[in-house]
Amino acid sequence: MLPVIHTWEEWGRVFTNVSQWEAAVREICRREAIPVNDIEAGFPGTNAVFVVDQAYVVKIYAPFCREDFELERELYSLLASIGNFPVPHLMAQGILEDHIDWPYIVMNFIPGQPIAEVRAQIPKQNLNKIAGTLGRAVRQLHKIPLDVITSLDTSLEGWQKFLQQQRDKVVVANQQQHVLPPELIVEIPAFLDACLPELSTSPLVLLNGDLTQDHVLLVQNTNQWRISGLIDFADSLIGPREYEWIALWFGALDRNFDELQCFMHQYDPALSLDEAFFQRAMAFTFLHEFGAEIIAWVLGRIGNPEITSLAELGAVLWEG
């Protein structure tokens, strides 16, 4: 039914092609006793996602993403046990055997549009309310006991290893973006080394890791927009809560400071948006898995201003 995929380039050519995947999706639905008429492509991400009759979502994982399958099938089941947590329910999981094995999950379909598509239509007060709702949801996520999670390394040593790997990559990653001046890039390791002793021993929580503008779904009821769902937990990881703020700030909140305040007030009213908060936020921006790409993207959106110091960069990125 499906081609053998060897490279990301091959995967990119086929993973949203409904005609390529229709037979496989129908076979998965047959196995899981799910009636199927209409099949359409879901929002393009890393894996192949298809919406069946606006009632079910079939997610088939790329050959290079077996870990995503193991992680999401565990987390969706775990998150469903949290009262009123806005995630799809895992309805089925399995392996479709073909020339190669294709792991899949089936979830219920959650209606809604990504916040990126409708943000411009939503009044400021409503956006602040949405941010507060998101803050309460993320607070619930971060309270999940780590000892119930088996598909992630929950050890402090694992987090410290990840941090060191990211620190070692930071110069080359930013050089490859050709956005920051070279004399500024070489200052980043020293800045991080000053922060790492604290960052490497911070309390660890379960993080979504990818609270972007594509993964927060909204619906409109009686002229008010609200969150209908949070989707895609394939980038979830274990780390300090501050790592979560990077995708949140640059993605779901679109660098809106009022929304950040509303989010944090509901997440933890005692958390202060002070100089220490933004110092850690800047460190985690550099250490984030996609930090260099995020910096280049943000600076590109605002016309690639000339940046002459790390303090100036922090102000540009985090002042909103």
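For the structure itself, look to the data block above.
Attention here is on the structure that accompanies the text. Because the structure is a prediction, the values reported are computed rather than measured. (Residues numbered from 1 in each chain as written. Predicted model: local features only at pLDDT ≥ 70, side-chain atom pairs only at ≥ 80, totals over all residues. Heavy atoms only, no water.)

1. Section: the sheet that holds strand 8 (residues 216-221)
Here is step 1: The strand order across the open sheet formed by three strands is 6-8-9, and the pairing between neighbours is antiparallel. In the strand order of this sheet, the two ends are held by strand 6 (113-114) and strand 9 (224-230), each with one partner.
Here is step 2: For strand 6 and strand 8, the ladder comprises two bridges, and the chain directions are antiparallel. Bridge pairing in strand 8 places proline 114 opposite leucine 217.
Here is step 3: The strands that helix 5 (residues 124-142) touches are strand 8 and strand 9; relative to strand 9, the one it contacts most, it runs at about 30 degrees. (Pairing = 2+ DSSP bridges. Helix = DSSP H or I, 4+ residues; strand = E, 2+ residues; numbered from the N terminus. Contact = heavy atoms within 4.5 Å. Axes fitted to C-alpha atoms, helices over the stretch in contact; angles between N-to-C directions.)

2. Topic: the pattern of salt bridges
Here is step 1: Taken as a whole and judged by the stated rule, the model has 17 salt bridges.
Here is step 2: Among the salt bridges present, the one from glutamate 9 reaches arginine 13, with a minimum N-O distance of 3.6 Å. Taken as a pair, glutamate 9 and arginine 13 lie in helix 1 (residues 8-14) at a separation of four residues, close to a single helical turn.
Here is step 3: On the accessibility criterion, glutamate 9 (59% relative accessible area) is exposed.
Here is step 4: For arginine 13, a relative accessible area of 54% gives the class exposed.
Here is step 5: Overlapping salt bridges, with partners in common, bring together Glu27, Arg30, Arg31 and Glu97 in one network. (Salt bridge = Lys/Arg side-chain N within 4 Å of Asp/Glu carboxyl O. Buried < 20%, exposed > 50% of the residue type's maximum accessible area, 1.4 Å probe, protein only.)

3. Side note on the sheet that holds strand 4 (residues 90-97)
Hydrogen bonds between backbone atoms are what pair the strands of a sheet, whose relative direction is either parallel or antiparallel.
Here is step 1: Read across the sheet, five strands follow the order 1-2-3-5-4 without closing on themselves; strand pairing throughout is antiparallel. The strands lining the two open edges of the sheet, one partner per strand, are strand 1 (39-41) and strand 4. Strand-to-strand, the axes of this sheet are offset by a mean angle of 25 degrees, without reference to chain direction.
Here is step 2: One ladder, built from five bridges, connects strand 2 (residues 48-52) with strand 3 (residues 56-60); its direction is antiparallel. Opposite phenylalanine 50, over in strand 3, you have valine 58 as the bridge partner.
Here is step 3: Along the sheet face, helix 3 (residues 66-80) touches strand 3, strand 4 and strand 5 (101-108) and points at about 160 degrees away from the line of strand 4.

4. Description of the side chain of lysine 59
Here is step 1: Tracing the chain through its elements places lysine 59 in strand 3.
Here is step 2: At 2.6 Å, the side chain of lysine 59 forms a polar contact with the side chain of glutamate 72.
Here is step 3: Discounting residues that sit within four places of it in the chain, lysine 59 has contacts with Asn47, Ala48, Val49, Glu72, Pro103, Tyr104, Ile105 and Asp232. (Polar contact = N/O pair within 3.5 Å; in protein donor to acceptor, adjacent residues only side chain to side chain.)

5. Structural notes on the packing of aromatic side chains
Here is step 1: Applying the stated criterion across every chain yields a total of 22 aromatic pairs.
Here is step 2: Taken together, the ring pairs connect Trp249, Phe250, Phe257, Phe277, Phe278 and Trp318 into an aromatic cluster. (Phe/Tyr/Trp six-rings, centres within 6.5 Å; stacked < 30°, edge-to-face > 60°.)

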